[in-house]
Amino acid sequence: MNEPKNNGNKRTWEVFAPGRINLIGEHIDYQGGWVLPGAISLGQWIKATEIDGPSLHVKSPLGTWTYASADQLCASNPQDKPSAFFKGIWSSFQKRHPLSSVGLEIEIRGNLPLGAGLSASASLSAGLGQILHLVHNSPLSEQDLIQIAYETEREFVGTQCGYMDPYAVVKSKADHLLLLNNSDLSTQYIPCDLGPYQLVLFHTKVTHELAHSPYNEKRAAVERAWELLKPLIPKDSVVEALPYLPLEVLERHRDKLSPADYPLARFTLDEQLRVEKAVNAINAKDFSALGVLLNQSHQGLSALYQVSCPELDFMADWSQRQPGVLGARMMGGGFGGCTLNLVHQNELSPWAKEALNVYHNKFGLQGEVYPVRLVHGILG
Ligand code: GLA
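Residues numbered from 1 in each chain as written. Predicted model: local features only at pLDDT ≥ 70, side-chain atom pairs only at ≥ 80, totals over all residues. Heavy atoms only, no water.

Draft legend 1. Fine view of the sheet that holds strand 3 (residues 34-35). The 3 strands lie next to each other as 3-8-9, forming an open sheet whose pairing is antiparallel. The open sheet has two edge strands, strand 3 and strand 9 (186-191), and neither has a second partner. Relative to strand 9, strand 8 (residues 176-181) runs antiparallel, the two being bridged by 6 bridges. Considered in strand 9, the bridge of Leu178 is made with Tyr189. Along the sheet face, helix 5 (residues 164-171) touches strand 3, strand 8 and strand 9 and points at about 140 degrees away from the line of strand 8. (Pairing = 2+ DSSP bridges. Helix = DSSP H or I, 4+ residues; strand = E, 2+ residues; numbered from the N terminus. Contact = heavy atoms within 4.5 Å. Axes fitted to C-alpha atoms, helices over the stretch in contact; angles between N-to-C directions.)

What follows is the structure, given as structure tokens:
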């Protein structure tokens, strides 16, 4: 699929860039904690065709954008968000490899819902980075591709996100979760065999844009908490980041943190422990224990970290009480998007029907249900 094809005289390149779920470990990637994501079969197909002249045309279901050349795009002062995003990808690529003057028509299609917390943004930036790599036959590494997506999101889109999304989109392996340690960026593949249980997403259709949500404020708050707590760590213990702080140290010094910052720090420590327990539960095939951890994660994200919303709370709470459901929680950055549910296969169909019903009755919104299959990342 990645080899250039000859379409008449014009070369073409195609890439599939998946979205991702995160089983558990929310909002702790940017704090150096562990996360457990995996790429999913929903994604974006990107096709680039060489054209005469140096111009770039990008076509997607959201619109069409034209730039006189790659150099002009990199030097521009973008007036709209997609242009800022494209400038980010081309500029980040250019930092690593000279851009040629080859003109391109780029077509983006896909079935990955946008603003659903499934990382459509990292999927597209890593996918376009991979297209540029193929077009230029560059020596770009997997790490470069991750870095291009990371820099685009932080420096050009404006979300102070962590590394989870580009790692999941680029490095995932089919039928596995990717355990990413964000302190040293080491990774481990965890086989994900959930027996008779199925991971399924419920998309609330409440869309979110993290760059304009309290996401960046949450990050600033936990960084503030870490700066205050760091000097209080006993000299003989090594603690690399807030998620690894012993609970008793946080509790002993909780009055040093503001009443608004303490619950965020407490969630951080709890969530890190839940990731460690979730890995053990998956390895031991203790799916009930895994479900309890998902429920606790939702509770913490909603009450302590406060990144949920009424629609997510309602659907997580409803799902947790259904037959055959072991766990349910909001997933991703929050403020909308999807819940992730661990549902017995035999109950999946009635669960999906009833979920759509109760949600529509409560909010007048048409939700969407997506059973999840774990697939290879772009280079996986
Ligand atoms: C978004 C960010 C990630 C991560 C999650 C929350 O998806 O891009 O880096 O922080 O939110 O876990």
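Next, the rest of the story.
Draft legend 2. Inspection of the packing of helix 8 (residues 262-283) against helix 9 (residues 287-304) at higher detail. Two elements in contact, helix 8 and helix 9, have axes whose closest approach is 10 Å; the angle formed by their N-to-C orientations is 165 degrees. Classified by the angle their axes make, helix 8 and helix 9 are roughly antiparallel. Regarding helix 8 and helix 9, the two cross each other, and that crossing is left-handed. For the pair helix 8 and helix 9, contact is made by Pro263, Leu264, Arg266, Phe267, Asp270, Glu271, Arg274, Lys277, Ala278, Ala281 and Ile282 and by Ala289, Leu290, Leu293, Gln296, Ser297, Gly300, Leu301 and Leu304, respectively. Residues that form the contact of helix 8 with helix 9 fall into these classes: 11 nonpolar, 3 polar and 5 charged. (Parallel < 35°, antiparallel > 145°, perpendicular 65-115°, else oblique. Left-handed = near helix turned anticlockwise from the far one by under 90°. Nonpolar A, V, L, I, M, F, W, Y, C, P; charged D, E, K, R; others polar.)

Draft legend 3. Structural context of the environment of Gln272. Here Gln272 is to be found in helix 8. A relative accessible area of 1% places Gln272 in the buried class. Residues Gln272 and Val35, spaced 237 residues apart in sequence, show a C-alpha to C-alpha distance of 8.2 Å. Beyond its immediate stretch of four places on either side in the chain, Gln272 contacts Ile28, Gly33, Trp34, Pro243 and Tyr244. (Buried < 20%, exposed > 50% of the residue type's maximum accessible area, 1.4 Å probe, protein only.)

Draft legend 4. Representation of the pattern of salt bridges in the model. Evaluation of the coordinates by the stated rule reveals 18 salt bridges. Across the salt bridge formed by Glu50 and Arg11, the nearest N and O atoms sit 3.1 Å from each other. Taken together, the residues Glu50 in strand 4 (residues 37-51) and Arg11 in strand 2 (residues 10-22) connect sequence positions 39 residues apart. Between Asp261 and Arg224 there is a salt bridge whose closest N-O contact spans 2.9 Å. With Asp261 in the loop between helix 7 (247-252) and helix 8 and Arg224 in helix 6 (residues 215-229), this residue pair connects regions lying 37 residues apart in the sequence. Note on Asp261: relative accessible area 8%, which makes it buried. Using a relative accessible area of 43% as the deciding quantity, one classes Arg224 as partly exposed. In this structure, a network of salt bridges that share partners links the residues Lys95, Arg96, Asp144 and Glu151. (Salt bridge = Lys/Arg side-chain N within 4 Å of Asp/Glu carboxyl O.)

Draft legend 5. Inspection of the nonpolar core at higher detail. Ranked by size, the top nonpolar core spans 82 residues in total, and within it Ile21, Trp90 and Leu201 carry the most contacts. Apart from the residues lying within four places of it in its own chain, the contact partners of Trp90 are Leu56, Ala70, Leu73, Cys74, Leu99, Ile106, Leu128 and Leu132. The next biggest cluster of nonpolar side chains, apart from the first, holds 27 residues, and it includes Trp226, Leu245, Ala265 and Val307. (Core = buried A, V, L, I, M, F, W, Y, C linked by side-chain atoms within 4.5 Å.)

Draft legend 6. Here's a closer look at the packing of aromatic side chains. Inspection of every chain in the model, using the stated rule, returns 14 aromatic pairs. When the centroid spacing of 4.8 Å and the interplanar angle of 45 degrees are considered together, the rings of Phe16 and Trp45 count as tilted. Pair noted here: Phe16 is in strand 2 and Trp45 is in strand 4, with a separation of 29 residues, a long-range link. Using a relative accessible area of 30% as the deciding quantity, one classes Trp45 as partly exposed. Centroid distance Tyr359 to Phe363: 5.3 Å. Interplanar angle 50 degrees. Geometry classified as tilted. One end of the pair, Tyr359, and the other, Phe363, are both in helix 11 (residues 348-363), 4 residues apart, so they sit about a helical turn from each other. On the basis of relative accessible area, Tyr359 is assigned to the buried category, the value being 0%. Residue classification places Phe363 among the partly exposed residues on the basis of a relative accessible area of 25%. (Phe/Tyr/Trp six-rings, centres within 6.5 Å; stacked < 30°, edge-to-face > 60°.)

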